[in-house]
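The primary structure of each chain is shown beneath.
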Amino acid sequence: MTFDPWTLGFQAVNVLVLVWLLHRFFWKPVAGMIAARQVAAATLLDKAEAARTEAEAASAEVTATRAGLAAERDATLATARKDAAAARDTLLAEARADAEALHDTAKAARVRAAETLKANAMEAAQGLAITIAGQLVARLDNVATDAAFLGWLVEGLAALPEAERAVLAGAPLEVVSAAAQDGAAQNRIVKAVGAELGGAANLTFRTDTALIAGHELHSPHFSLRNSWQADLARIAAALHEDAVRDAA
Amino acid sequence: MDSPLQSLPLFTVGPAPIMASVVVTWAIMAVLVLGAAMLTRRLSQVPSKAQAVAELLVATVDSQIRNVTGAAPAPYRALIGTLFLFILIANWSSLIPGVTPPTATMETPAALAAIVFLSIIFFGIRGGGLGGFLRGFARPNPVMIPLNMLESITRSFSMFVRLFGNVMSGVFVIAIVGSLAALLVPIPLMVLDLLTGAVQAYIFAVLSMVFITSAVEKGRPQPKKES
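Here's a quick rundown of the structure. (Residues numbered from 1 in each chain as written. Chains lettered and ligands numbered in written order. Predicted model: local features only at pLDDT ≥ 70, side-chain atom pairs only at ≥ 80, totals over all residues. Heavy atoms only, no water.)

### Section: the packing of helix H2 (residues 49–69) of chain B against helix H3 (residues 74–92) of chain B
Residues and elements named next belong to chain B. At their nearest, the axes of H2 and H3 sit 10 Å apart, and the two run at 115 degrees to each other. As H2 packs across H3, the resulting crossing turns out to be right-handed. Residues Leu57, Val58, Val61, Asp62, Ile65 and Thr69 of H2 touch H3, and the partners they reach there are Tyr76, Arg77, Ile80, Gly81, Phe84 and Leu85. Grouping the amino acids of the contact of H2 with H3 by side-chain chemistry returns eight nonpolar, two polar and two charged. (Axes fitted to C-alpha atoms, helices over the stretch in contact; angles between N-to-C directions. Helix = DSSP H or I, 4+ residues; strand = E, 2+ residues; numbered from the N terminus. Left-handed = near helix turned anticlockwise from the far one by under 90°. Contact = heavy atoms within 4.5 Å. Nonpolar A, V, L, I, M, F, W, Y, C, P; charged D, E, K, R; others polar.)

### Observations regarding the side chain of A:Ser177
With respect to the secondary-structure elements, A:Ser177 resides in strand S1 (residues 172–177). Of the residues examined, A:Ser177 reaches a relative accessible area of 1% and is grouped as buried. (Buried < 20%, exposed > 50% of the residue type's maximum accessible area, 1.4 Å probe, protein only.)

### Examining the interface of chain A and chain B
At the junction of the two partners, chain A supplies 30 residues and chain B supplies 46 residues. Summed over both sides, the interface between chain A and chain B buries roughly 3500 Å², with carbon and sulfur atoms accounting for 78% of that surface. Viewed at the interface, chain B and chain A are joined by one salt bridge. Here A:Arg37 makes a salt bridge to B:Glu55, at a shortest N to O gap of 2.6 Å. In this structure, the connection of chain A to chain B is made through nine residue pairs in polar contact (both at pLDDT 80 or more). (Buried area = accessible area lost by both parts, 1.4 Å probe. Salt bridge = Lys/Arg side-chain N within 4 Å of Asp/Glu carboxyl O. Polar contact = N/O pair within 3.5 Å; in protein donor to acceptor, adjacent residues only side chain to side chain.)

### Considerations on a nonpolar patch on the surface
Residue and element names in this part refer to chain B. The grouping of Leu10, Phe11, Val13 and Trp26 at the surface amounts to a nonpolar patch, some 390 Å² of accessible area in total. Counting residues per element, the nonpolar patch draws most heavily on strand S1 (residues 9–13), at three residues. Relative to the helices and strands, Phe11 is located in strand S1. (Patch = residues over 30% accessible without salt bridge, like charges linked within 9 Å, V, L, I, M, F, W, Y side chains within 5 Å. Areas by Shrake-Rupley, 256 points an atom, 1.4 Å probe, with all protein chains shown as cover.)

### Considerations on the pairing of S1(B)
For a regular strand, side-chain orientation follows a simple rule: the groups alternate between the two sheet faces. All names here are of chain B. Bridging between S1 and strand S2 (residues 16–19) involves four bridges; their strand directions are antiparallel. Paired with Pro9 across the bridge in S2 is Met19. Between S1 and the antiparallel strand that follows it, S2, lie two residues; Gly14 among them carries a positive phi value of about 65 degrees. (Pairing = 2+ DSSP bridges.)

### With respect to unusual backbone geometry
Of note, the bond from B:Arg139 into B:Pro140 is cis; its omega dihedral lies within 30 degrees of zero at 5 degrees. Take B:Pro140: it is sitting in the loop between helix H4 (107–135) and helix H5 (145–180). Phi angles above zero are rare outside glycine, and A:Ile212 is one such case at about 70 degrees. Turning to its location among the elements, A:Ile212 is positioned in the loop between strand S2 (202–207) and strand S3 (215–219). A residue is classified by how much of its surface remains accessible, and A:Ile212, at 13% relative accessible area, is buried.

In structure tokens:
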């Protein structure tokens, strides 16, 4: 067994030199590259984290925008439904009013038509009554009829107030008869009217066949109707008033 | 067959004999340094296979140092990593026919143990100062000073003896078996020698780190115990 101090020294120096050389050419550069890669990886991770944060923020913004759009859509739909309901109600109300107006118009037209028909019927009935009355009067005794109508004329004058009768006395009056009056008939009329008015009557005579039968007394400010025509007119007016009262 | 315990000089430089172990060490140094220089000349962020292997080696050494010391690995990386690489390559150089590993002679493991011994002193003083380092011998009490001083020598001596004994014995056994049956028979022993060489390199590096860490820790002020 040998132990050489020179070799010990050489080997110690060799190992120390090797430590320095490998530190210079191996350990330091490789460790530096690892550290640089770690720094680069950390930077990339930071950038990725920032990008992820940014993406999450963008996603949240999109979500919020989508929620806002949904809310806006719901509000728009609610407004549209409300407007549609209001328009529907308005249209229904207008249609209902139009229908009621049409119904009222139709009802009024129907009433008017009925009234017109009734009036026409009344006119026709009145004309028929006049015709019937004229034909009946043609078969009656003219003298007796005239006497009856003269009596009713006197009764009409008697029913007038005293003051009015006093005004009529002496005033020019026109006697309208349904048939022409001869001299005797005119004298009877003058005597009967004068007796009722209290003096001589100032009468003129005129014939109107439309009266059918009877005598009427007229002046510019006075009229005493006493004929079948006037009676028929009064009956027709009464019937008309009854019809109007029934319609109301 | 020459005794593996004998070192014969190849040549002399003045009064200094140059042994074969020194020449093999120079060759190993040349291979390591040239390889490292070529490898680190083209480092990039996207590593090649060779660069990936180199980074794996550095990361592994850093991890081991961090696990043992709990501190940053940079101050210890060059020493511990170089010790491991040199011992590993030196041990495995026995596979080259005609080459005797430098670690199979007493001078090289002794030099390595001496470097570790001096490194323990250096890092101990750097970590806790000269006073702190010397006070570390008085822990846990001053009675232990002689034993602690003796231990600091013997543990380095044990590293020297362990490395030398294991490698030398492997070479010795292979040489004996090879002299008896030279063809194929020594191969399993050579494979076993590879494993032994790797394990011894790892043990030497880890023990060096443990002893240096122990010296650094002992040199630092100890927290007072609460009564």
